[in-house]
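Residues per chain, in single letters:
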Amino acid sequence: MPVASVTVSPAPGTVPVGQTLQLTAAPADSGGNLLSQRVVTWASSNTAVATVSGSGLVSGLVTGTVTITATSGGASGSSAISVTATKPGTVSDLAVVGTTDTSVTLSFTEVADGTGRPASYDVRYAVGTLSWSAAPSVTRGSCAAPVAGSVIGAKRSCTVLGLAAATAYQVQLVAFRGTLNVNAVFGGLSNIASGTTMAASDPPAPPAVAAVSVSPTSVSLTVGGSLQLTTTLKDSAGNVLTGRTVTWATSQAPVATVSGSGLVSGVAAGPATITATSEGKSGTAALTVTATVTNPGTVTDLAVAGVTDTALTLAFTEVSDGTGQPASYDVRYAVGTLSWSAAPSVGRGSCTTPVAGSVIGAKRSCTVLGLTAATGYQVQLVAFRGTLNVNAVFGALSNLASGTTAASTAPVATVTLSPASASLAVGATQPLTATLKDAAGNVLTGRSVTWATSNAAVATVNGSGLVAGLVVGAVTITATSESRNGTAAITVTALPPPGAWPNEPTGMTVVTDMPWNVTTGLGWTAWPHAMGDASIVADASASFSPVNVLQQRYPIGFVGGDSPSNVNYDLPPGMRELYVGMWWKPSNPWQPHSSGVNKIAFFKYADGTNQELAVMRGTGPYYLEIERESTETLWLGFENVPVTLGVWHRLEFYFNPTGGIIKFWFDGTLVGNYSGRSFPNQDWGFISIDPTWGGVGESKSETDYYWYDHTHISWR
């Protein structure tokens with residue numbers, strides 16, 4: 001019989017750090033009958049926290065939570081295991097292994113802190129006999145409390161300084177985790193170790209300076225600029241020396257001066273040599289002072305130096321910002337081939353734009369995080385000075401560097417479908433995408449996904465997630481990968497009658513019925529703005545009058561508070577009762593403005609100031625609302641029928657000053673119904689498809705769109 005399920009017990013379970021817990025797995029057939037003599041394999045979701053043997057014996061390593069999975073015959077079961085902390089260990093081999101006239105050197109074996117990590121230590125000492133509560137903690141030398149742990153089980157030594165010569169001492173320590181005097185958890189006290197310091201002797205002569213090096217060794221500086229030089233002093237054995245006197249000198253004071261601390265200042269254009277001297281040994285730096293500011297330098301050696309399944313590590317040599325200071329960098333990336341103007345700046349990891357410069361000529365590395373596994377990327381950067389989007393001055397673009405992220409081996413933990421819900425007409429299609437993630441939230445690629453529909457008579461779905469509506473009804477679409485599922489709710493609606501505006505009052509006079517075959521015509525005019533544009537494009541899925549539709553484009557970098565263009569229709573005098581219908585579709589994905597305001601159209605009164613606004617409100621989910629900016633300032637319609645991105649929607653609006661009526665419909669559903677509202681005492685002026693994005697500030701990091709299939713206006 002095939003295995004249909006595997007039950008793991010105990011589930012859940014708990015195991016202390018350093019201890020074990022035996023799990024058992026019970027394979028069963030589809031009838032629930034236990035199956036014997038079946039091969040069971042075991043796996044841990046995080047072997048850094050806990051491991052599991054081939055027999056199901058779990059070993060706790062560090063505190064945390066893991067999922068232990070047993071698999072047999074293609075079926076799996078799991079148990080959530082919590083690894084809990086114990087008390088820190090106890091050092092039992094503390095010893096004095098060396099003395100001088102002012103110090104003792106201790107040795108001991110490091111222990112765990114009870115969570116599977118190296119413990120910290122509080123070391124105390126006393127003259128003669130030590131009493132722990134009365135003894136002071138060590139404050140000088142490498143034994144100064146707290147002593148940070150390094151490797152469990154490693155032999156560790158440290159030194160207690162500042163002791164009296166020819167004096168007997170006792171020392172003792174305790175392992176702990178946490179912060180002393182705050183939340184520390186202690187183990188047991190160690191054994192006591194004893195030692196006597198040596199008699200006082202004359203201190204040895206300090207080693208002489210053998211070499212002086214200046215960093216950077218070569219530098220360019222502009223007139224009026226300054227740069228801090230540093231020195232490294234070493235003895236004849238190559239050991240770095242500190243606390244020595246260093247004097248600084250310049251070969252050309254009219255060109256550059258240097259302070260007693262090594263701060264160089266550019267005075268006039270020309271070369272100079274800066275010399276640092278200590279105990280008769282010298283080092284130099286070659287300096288060039290330039291009179292003019294140049295453009296920032298160009299990085300020519302950008303390279304991908306390392307990859308993981310979610311990251312690229314970049315390396316490059318830092319350049320000047322054109323004023324003698326280290327440049328900053330805008331780093332961009334793209335899947336496949338990179339186009340600088342379309343590529344986004346890095347937003348995660350140490351390569352996040354802007355990357356601040358450090359030292360001109362230094363080899364620099366940084367990491368781009370949040371990438372997709374097993375995917376080819378290109379990266380490029382540009383050096384600049386100033387502030388991005390304010391006053392930045394740029395150098396030339398660097399070379400392109402390419403790299404492919406490693407494939408992820410983590411199992412699928414979640415499956416998410418996008419969109420999670422959608423409405424489509426009979427005969428229409430809706431593509432769904434499945435995003436697979438591991439337990440850490442990283443996106444997984446290259447995994448097999450199967451698709452299924454709950455009712456193939458209403459809607460079908462193919463192997464790539466394309467849903468086709470057959471008859472009116474509702475279905476659930478399920479995507480499955482590695483036994484994990486995600487679903488989307490699909491509603492199939494009837495096709496609207498051609499040319500129908502179901503909520504238009506009878507007796508209205510049509511003033512325009514624009515199919516959007518042109519941007520300017522039939523009384524409509526268009527004005528492009530500084531960014532974005534309006535154009536006529538083809539969309540065979542348009543619900544009313546395919547294939548031509550009006551497109552409003554928001555490119556990457558589009559700044560909030562503006563629209564791609566104004567497309568306006570001037571209304572004839574005398575219009576007071578107004579009906580407007582339109583088919584409209586927002587792109588999927590859509591980047592919202594943080595204000596939650598994503599405007600669709602303006603209904604302007606004759607004075608051009610008073611107005612009513614149709615708005616897609618929210619930052620996800622989104623809703624159709626009316627913003628009044630006339631006799632009152634308020635919002636109408638709240639959290640009604642949610643907008644589905646990437647789908648055509650029929651919008652209808654009705655305004656009648658008699659009775660103070662405002663109504664609006666979303667896909668035939670009345671989502672706003674108001675009466676007794678006040679209206680300006682004036683005619684309507686014009687309709688403006690002026691889809692302003694948000695309020696002031698922020699910019700688009702992706703290219704988004706609004707599309708309009710048809711616009712119908714009538715009055716009475």
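Please read these numbers as outputs of a predicted model, since none were measured by experiment. (Residues numbered from 1 in each chain as written. Predicted model: local features only at pLDDT ≥ 70, side-chain atom pairs only at ≥ 80, totals over all residues. Heavy atoms only, no water.)

Read from one edge to the other, the open sheet built from 7 strands follows the order S45-S48-S57-S50-S51-S52-S53, with strand pairing classed as antiparallel. One side of each edge strand has no neighbouring strand; the edge strands of this open sheet are strand S45 (524–528) and strand S53 (633–636). Ignoring strand direction, the axes of neighbouring strands in this sheet form an average angle of 25 degrees. Inspection of the sheet shows S45 paired to strand S48 (residues 565–570) by 5 bridges, in the antiparallel sense. Looking at S48, one finds that tryptophan 527 is bridged to asparagine 566. (Pairing = 2+ DSSP bridges. Helix = DSSP H or I, 4+ residues; strand = E, 2+ residues; numbered from the N terminus. Axes fitted to C-alpha atoms, helices over the stretch in contact; angles between N-to-C directions.)

Among the secondary structure elements, threonine 644 is positioned in the loop between S53 and strand S54 (649–656). We classify threonine 644 as buried; its relative accessible area is 11%. Sequence-distant contacts of threonine 644, that is, excluding residues within four places in its chain, are made with Ser421, Ala422, Pro586 and His649. (Buried < 20%, exposed > 50% of the residue type's maximum accessible area, 1.4 Å probe, protein only. Contact = heavy atoms within 4.5 Å.)

Attention now moves to unusual backbone geometry. Here the residue pair serine 215 and proline 216 is connected by a cis peptide bond, since its omega of -5 degrees sits within 30 degrees of zero. In this fold, proline 216 is placed in the loop between strand S17 (211–215) and strand S18 (218–222). Look at the link from threonine 353 to proline 354: it is a cis peptide, with omega at 0 degrees.

Right, let's talk about the UniProt feature "domain: Fibronectin type-III" (unreviewed entry) in the protein for a bit. The sites that carry the UniProt feature "domain: Fibronectin type-III" (unreviewed entry) are, in the present numbering, residues 90–200 and 298–408. Taken end to end, residues 90–200 comprises 0% helix and 40% strand; its first and last C-alpha atoms sit 35 Å apart. (UniProt positions renumbered as here; feature names shortened; annotations may be inferred.)

Simply put, disulfide is the name for a covalent bond between the sulfur atoms of two cysteines. Inspection of the entire model under this criterion finds 2 disulfides. The residue that forms a disulfide with cysteine 143 is cysteine 158, at a sulfur-sulfur distance of 1.9 Å. A torsion of 95 degrees about the S-S bond marks the disulfide between cysteine 143 and cysteine 158 as right-handed. Taken together, the positions of cysteine 143 in the loop between strand S12 (120–127) and strand S13 (155–160) and cysteine 158 in strand S13 put the pair 15 residues apart, joining distant regions of the chain. Each member of the pair, cysteine 143 as well as cysteine 158, is classed as buried. Between cysteine 351 and cysteine 366 runs a disulfide, and the two sulfur atoms are separated by 2.0 Å. Taking the sign of the torsion about the S-S bond as the criterion, the disulfide between cysteine 351 and cysteine 366, at about 95 degrees, is right-handed. In this pair, cysteine 351 sits in the loop between strand S29 (328–335) and strand S30 (363–368) while cysteine 366 sits in strand S30, placing the two residues 15 residues apart along the sequence. A single burial state applies to cysteine 351 and to cysteine 366, both of which are buried. The connectivity of the disulfide-linked cysteines in the protein, indexed sequentially, is 1-2, 3-4. (Disulfide = S-S within 2.5 Å.)

What follows concerns the sheet that holds strand S3 (residues 20–22). What holds strands together in a sheet is hydrogen bonding between their backbones, with the strands either parallel or antiparallel. Reading across the sheet, the 3 strands line up as S3-S7-S6 and stay open at both edges, with antiparallel pairing between neighbours. Looking at which strands have only one partner, the edges of the open sheet turn out to be S3 and strand S6 (50–52). Neighbour-to-neighbour, the strand axes of the sheet open up by a mean angle of 20 degrees, direction not taken into account. Where S3 and strand S7 (residues 57–60) come together, 3 bridges link them in antiparallel fashion. Each bridged residue has a counterpart across the sheet, and for threonine 20 the counterpart in S7 is serine 59.

Moving on: the nonpolar core. The tendency in soluble globular proteins is for nonpolar side chains to be buried as a group. By size, the foremost hydrophobic cluster in this structure holds 42 residues, and its most contacted members are Ile600 and Phe653. When sequence neighbours within four positions are dropped, the list of residues in contact with phenylalanine 653 reads Leu578, Tyr579, Val580, Phe603, Ala614, Leu624, Ile626, Lys663, Phe664 and Trp665. (Core = buried A, V, L, I, M, F, W, Y, C linked by side-chain atoms within 4.5 Å.)

The tally for this structure, following the rule as stated, stands at 21 aromatic pairs. Aromatic pair tyrosine 333 and tyrosine 377: ring centres 6.3 Å apart, planes at 40 degrees, arrangement tilted. Taken as a pair, tyrosine 333 in strand S29 and tyrosine 377 in strand S31 (residues 376–385) lie far apart in primary sequence, 44 residues in all. A relative accessible area of 24% means that tyrosine 333 is categorised as partly exposed. With centroids separated by 6.4 Å and ring planes inclined at 20 degrees, the aromatic side chains of phenylalanine 664 and tyrosine 674 adopt a geometry described as stacked. In this pair, phenylalanine 664 sits in strand S55 (residues 661–666) while tyrosine 674 sits in strand S56 (residues 669–674), placing the two residues 10 residues apart along the sequence. With a relative accessible area of 0%, phenylalanine 664 lands in the buried category. (Phe/Tyr/Trp six-rings, centres within 6.5 Å; stacked < 30°, edge-to-face > 60°.)

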